[in-house]
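# Close look at the chain arrangement
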There are 2 protein chains.
Amino acid sequence: MKNKTRRLEIVRVSGAKANRQRDLVARESPVTILLNDVELVTLLCSPSDLENLAAGFLFGEGLINSRKEIKSIFADSKNGAVWVETKDGKKPQENLNAKRQVVTGCGKAFSFTNAALAKKTLKADSKFRMSASSVLPLMKDFQGRSEIYRKTGGVHSAGLANLKGIIYFSEDIGRHNAIDKVLGECLLKVVKTDRLVLVTSGRVSSDIVIKAGRSSIPIIVSKSAPTDLAVALARELGIAIVGFVRGSRMNVYSNEWRLSTKPRRGKIR
Amino acid sequence: MKNKTRRLEIVRVSGAKANRQRDLVARESPVTILLNDVELVTLLCSPSDLENLAAGFLFGEGLINSRKEIKSIFADSKNGAVWVETKDGKKPQENLNAKRQVVTGCGKAFSFTNAALAKKTLKADSKFRMSASSVLPLMKDFQGRSEIYRKTGGVHSAGLANLKGIIYFSEDIGRHNAIDKVLGECLLKVVKTDRLVLVTSGRVSSDIVIKAGRSSIPIIVSKSAPTDLAVALARELGIAIVGFVRGSRMNVYSNEWRLSTKPRRGKIR
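Keep in mind the model is a prediction, meaning the values are calculated, not measured.

All names here are of chain A. With six of seven residues buried, strand S12 (residues 240–246) lies mostly within the body of the structure. Bridging between strand S11 (residues 219–222) and S12 involves three bridges; their strand directions are parallel. Residue pairing across strands places Ile219 opposite Ala240, the latter belonging to S12. Following the backbone out of S11, through helix H8 (residues 228–237) and into the adjacent parallel S12, one traces a crossover that is right-handed.

Here it is, written out as structure tokens:
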């Protein structure tokens, strides 16, 4: 916790009262990922689990495909840098570089003109299903783990769950970073993800679906909303998006066969 | 509204019931900004106000400094592209390019080693103040305008306000984009921003403070939390961050002299 939050003096206003107090805020640090000694990207992130972050980022961007391609990975958290060396030692090309960095953070500009290629490289192929009724306790478990969020209100969280519960969990000031951290941890530990559920506190935009697709994740669960592009992509890729998981309610936006409930066909409004 | 939302068929689960229904989700589109015919960045955004988005993005990144540098700006919303031509016609350099794209979306890796330069180029110099009690109706007005959020839950919003109320407002699936759109609108309309308040639905990270600093915005108001780096930077730049504006409460994290309330000095916890 210590390196993820910082105590600052603030003025708390409540009605007509104003008091100087100390309060916790989430820490934010710039961290540069170097691939074979070439500076690839600088992410603003919560300064923890930097190896996982780098591995997840490189995997999500298609720059590495498996654990065995990595020769070494070293995080210098003091100076905000992670060095990743691959066995082939290939330096990222300048142009590819620019292209890649374009897509960082704000997300990847996925072209639907080549849906066939996307389906081939990103598809969630497993027949994994879960019951809709088990989504609710999963979200409750997920939210209960958000320690930094409870203390600061300033972070997103991401988790990976199997049918028994959450097995990997991460918090970060960026919703993309939190997801990269859990997926990167699986990559580094060589854990198969094609029967795991990705849980996120954040909105589900197309770049989140692409990250899930790269890891063959079959179901994305969010307490927030997806975009139309995310839903269209998830429908193509075989991924179920479950959004607005709140209380005993949720919306299933795609591949609802993965959620075992028998929908009574209602009137289309 | 029509081009900002899309109606999709979803399965709504409530307790043991599941019904097929139609529901609105926020639209998301990739939009490429071209500066003097060079592809600079592709943003995933809500497809509206693309000229404002491009102008705000270029200004925030320091690629243009004023309206008069722009020769022409043309948005092709159908194909997701905005062409910006500057009077000097200078093409962005490949290397600068890469550097800039690094900072997109996830935010700018601001170096505190050169705080003097930052203060010179980003400082909020005006003596602008507002009363703390007027922050609450401002936030209420702000939230009341969030039409797409109410319908989809999937967007962020940003506004610019003077002491009378909100004068510019924007919604976008990205919190950075929403801010770029309102600041870009001011740039294109040659509106001075050094006595305007930036209101955001999102978390305040350091890149948001840099965007505000570029526009000499004196106060940032958010219903959410700032990071430690954002607070440190705002303290340097003369910007007040007001966070967690909820009900009759708020936290002031920096430059509290801009909020006219007389803080009773309480015990430091």
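Turning our eyes to something else, we now look at the sheet that holds strand S1 (residues 5–14) of chain B. Ordered in space as S9(A)-S8(A)-S10(A)-S11(A)-S12(A)-S13(A)-S1(B)-S2(B), the eight strands form an open sheet in which the pairing is mixed. Of all the strands in the sheet, just strand S9 (165–172) of chain A together with strand S2 (17–26) of chain B have a single pairing partner and so form its edges. If you compare each strand with its neighbour and ignore which way they point, the axes differ by 25° on average. Across four bridges, strand S8 (residues 156–162) of chain A lies against strand S10 (residues 197–200) of chain A in antiparallel orientation. Within S10 of chain A, the residue paired with Gly159 of chain A across the bridge is Val199 of chain A. Along the sheet, helix H4 (residues 135–144) of chain A makes contact with S8, S9, S10, S11, S12 and strand S13 (249–252) of chain A, crossing S10 of chain A at roughly 55°. Its contacts with the sheet put H8 of chain A on S12 of chain A together with S1 and S2 of chain B, and the angle it makes with S1 of chain B is roughly 65°.

Right, let's talk about the packing of helix H7 (residues 206–214) of chain B against helix H8 (residues 228–237) of chain B for a bit. Between two packed helices, what matters for the description is the angle formed by their axes and the separation of those axes. All names here are of chain B. Two elements in contact, H7 and H8, have axes separated by 8 Å at closest approach and are oriented at 25°. When the axes of H7 and H8 are compared, the pair comes out roughly parallel. Contacts from Ser206, Val209 and Ile210 of H7 reach H8 at Leu229, Ala230, Leu233, Ala234 and Leu237. Residue composition of the contact of H7 with H8, by class: seven nonpolar, one polar and no charged.

Spatially, S2(A)-S1(A)-S12(B)-S11(B)-S10(B)-S9(B)-S7(B)-S8(B) is the arrangement adopted by the eight strands of the open sheet, whose pairing is mixed. Two strands close off the open sheet at either side, each with one partner strand: strand S2 (17–26) of chain A together with strand S8 (165–172) of chain B. Neighbour-to-neighbour, the strand axes of the sheet open up by a mean angle of 25°, direction not taken into account. Sheet contacts for helix H4 (residues 135–144) of chain B: strand S7 (156–162), S8, strand S9 (197–200), strand S10 (219–222), strand S11 (240–246) and strand S12 (249–252) of chain B; angle to S9 of chain B, the most-contacted strand, approximately 55°.

Conventions used here
- Residues numbered from 1 in each chain as written.
- Chains lettered and ligands numbered in written order.
- Predicted model: local features only at pLDDT ≥ 70, side-chain atom pairs only at ≥ 80, totals over all residues.
- Heavy atoms only, no water.
- Buried < 20%, exposed > 50% of the residue type's maximum accessible area, 1.4 Å probe, protein only.
- Helix = DSSP H or I, 4+ residues; strand = E, 2+ residues; numbered from the N terminus.
- Pairing = 2+ DSSP bridges.
- Right-handed = clockwise from strand over helix to strand, strands pointing away.
- Axes fitted to C-alpha atoms, helices over the stretch in contact; angles between N-to-C directions.
- Contact = heavy atoms within 4.5 Å.
- Parallel < 35°, antiparallel > 145°, perpendicular 65-115°, else oblique.
- Nonpolar A, V, L, I, M, F, W, Y, C, P; charged D, E, K, R; others polar.

As far as function goes, none of this settles anything; it's purely spatial.
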